[in-house]
Amino acid sequence: MSIDYLYRQIIMDHYKNPYNKGLTEDKNYLTTNLHNPSCGDDVTVQVLVEDKIVKDIRQIGKGCSICCSSASVMSVTLKGLEINKALKTIDSFYNLLMNKPYDQELLKGDALAYSGVGRFPARIGCATLPWKAIEALIIKHKENNNG
Ligand code: ZN
C-alpha cells in the first residue's frame, strides 16, 4: 500500500466523518468565516480559549474534500493545545504544504496526510483555509487579552 493511498484514505475518512462539525450558539466562542473564491470553499470556524488553552473547536465547511477534511483534521490537531503552541503548529502545517522543513514534534498524525497537496499549488488554498481561520481567531483572542 503506497503512502499516497494511505494519505488519500485519511483525507476521505475525515471528509466523510468530520470531527467537531457543527456550530454552537455559545457567545464565549470566537467565530469567523473564510471563503476561497478559486475553489468555492467556505468554512466557518469557532474556538473557545480558556486559560490560554484551545478548549474547543467547532467547524463547518462547504466545498471540496481537501478543504472540508482539513477543517476536521485542524480541529483534532489543535484542540487542547496552549495557544502559542497552536500557532506554531499552524505554521508547521503551512511549511509542510510548501515542502519546507516543519516541526515534527508539533505536527504529526493525520495532518501529515496533506504533505502531497504541495504538489498541486491550486489546492494549497483549500487545505490551509480552515487553519487560516483559526489562526485569525487565536490572534484576535491574544489581542483581546493582551497576549
Ligand atoms: Zn477546495
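In short, a report on the structure.

Examining the overall build of the protein chain
1) Next: When helices and strands are tallied, the protein chain shows 4 helices and 3 strands.
2) Next: Traced from its N-terminal end to its C-terminal end, the protein chain shows the element sequence α-β-β-β-α-α-α.
3) Next: The dimensions of the protein chain, computed from C-alpha atoms along their principal axes, are 45 × 30 × 25 Å.
4) Next: Going through the 147 residues of the protein chain one by one, you find that 46% of them count as buried.
5) Next: Considering only residue pairs separated by 6 or more positions, the protein chain has 61% of its internal contacts joining residues 24 or more positions apart.

Thoughts on the coordination of the zinc ion
1) Next: The protein atoms that coordinate the zinc ion are C39 (SG), D41 (OD), D41 (OD), C64 (SG) and C126 (SG), at distances of 2.1 to 2.8 Å.
2) Next: Taken in chain order, the donor set of the zinc ion reads C-x1-D-x22-C-x61-C. Taken together, the residues span a long stretch of sequence, with C39 in the loop between β1 (30–36) and β2 (41–50) and C64 in the loop between β3 (53–62) and α2 (65–78) at a distance of 25 residues.
3) Next: Given the relative accessible area of 34%, C39 is considered partly exposed.

Looking at unusual backbone geometry
1) Next: A positive phi is found at N20, a non-glycine position, where the angle reads about 60°.
2) Next: Judged by relative accessible area, which is 16%, N20 ranks as buried.
3) Next: Phi at N99 is positive, roughly 55°, even though this residue is not glycine.
4) Next: If you trace the backbone, N99 turns up in the loop between α3 (83–97) and α4 (121–144).
5) Next: Looking at N99, the relative accessible area reads 57%, which means it is exposed.

Topic: the packing of aromatic side chains
1) Next: Within the structure shown, the criterion is met by 2 aromatic pairs.
2) Next: An angle of 65° between the planes, with centres 5.8 Å apart, marks the rings of F93 and Y114 as edge-to-face. Pair noted here: F93 is in helix α3 and Y114 is in the loop between α3 and α4, with a separation of 21 residues, a long-range link.
3) Next: Taking relative accessible area as the criterion, F93 reaches 0% and is therefore assigned buried.
4) Next: Residues F93 and W131 carry aromatic rings whose centres are separated by 3.9 Å and whose planes lie at 10° to one another, so their mutual orientation is stacked. With F93 in helix α3 and W131 in helix α4, the pair connects residues that are 38 residues apart, well separated along the chain.

Considering the sheet that holds β2
1) Next: Read from one edge to the other, the open sheet built from 3 strands follows the order β1-β2-β3, with strand pairing classed as antiparallel. The outermost strands of the open sheet, each flanked by one partner alone, are β1 and β3. Neighbour-to-neighbour, the strand axes of the sheet open up by a mean angle of 20°, direction not taken into account.
2) Next: The sheet contact formed by β1 and β2 spans 7 bridges and is antiparallel.

Re α3
1) Next: Under the 1.5 Å per step criterion, the end-to-end length of α3 is 21 Å for 15 residues, consistent within 8% with the ideal 21 Å.
2) Next: Turning to α3, its buried residues are I83, A86, L87, T89, I90, S92, F93, Y94, L96 and L97.
3) Next: Buried residues along α3 sit against β2, β3, α2 and α4.
4) Next: Near the N-terminus of α3, the side chain that reaches the backbone nitrogen of N84, with its oxygen 3.0 Å away, is that of E82.
5) Next: Positive phi appears at N99, one or two residues downstream of α3, with a value of about 55°.

Focus: the pairing of β3
1) Next: Across 9 bridges, the pairing between β2 and β3 is antiparallel. By the bridge assignment for β3, V43 is matched with G61.
2) Next: From the end of β2 to the start of β3, which pair antiparallel, there are 2 residues, and D51 there has a positive phi angle of about 50°.

Calculation criteria
Counting from 1, residues in each chain are numbered in the order their sequence is written. Side-chain atom pairs in this predicted model are given and counted only at pLDDT of 80 or more, local residue features only at pLDDT of at least 70, and totals for whole chains, interfaces and linings cover all residues. By convention in this description, side-chain values take in all heavy atoms of the structure and omit both hydrogens and water. Where helices and strands are cited, they refer to DSSP runs of H or I of at least four residues and of E of at least two residues respectively, numbered from the N terminus. Think of it in three bands: with a 1.4 Å probe and only protein chains considered, a residue is buried below 20% of the maximum accessible area for its type, exposed above 50%, and partly exposed in between. We call two residues in contact whenever any of their non-hydrogen atoms come within 4.5 Å of each other. Metal coordination here is assigned from N, O and S atoms located within 2.8 Å of the ion, or within 3.2 Å for Na, K and Ca; omission of water means that sites may look incomplete. We call Phe, Tyr and Trp rings a pair once their centres come within 6.5 Å, taking the six-membered ring for Trp, and we label the pair stacked below 30 degrees between planes, edge-to-face above 60, and tilted otherwise. Pairing between strands requires that DSSP locate at least two bridges from one strand to the other. Lines fitted to the C-alpha atoms define the axes, with helices restricted to the stretch that makes contact. Angles between their N-to-C directions range from 0 to 180 degrees. One less than the residue count of a helix, multiplied by 1.5 Å, gives the span that helix is expected to have. Identification of polar contacts relies on pairs of N or O atoms within 3.5 Å, with a donor-acceptor requirement for protein atoms, meaning one able to donate a hydrogen and the other able to accept it, and with residues adjacent in sequence counted only if both atoms are side-chain atoms.

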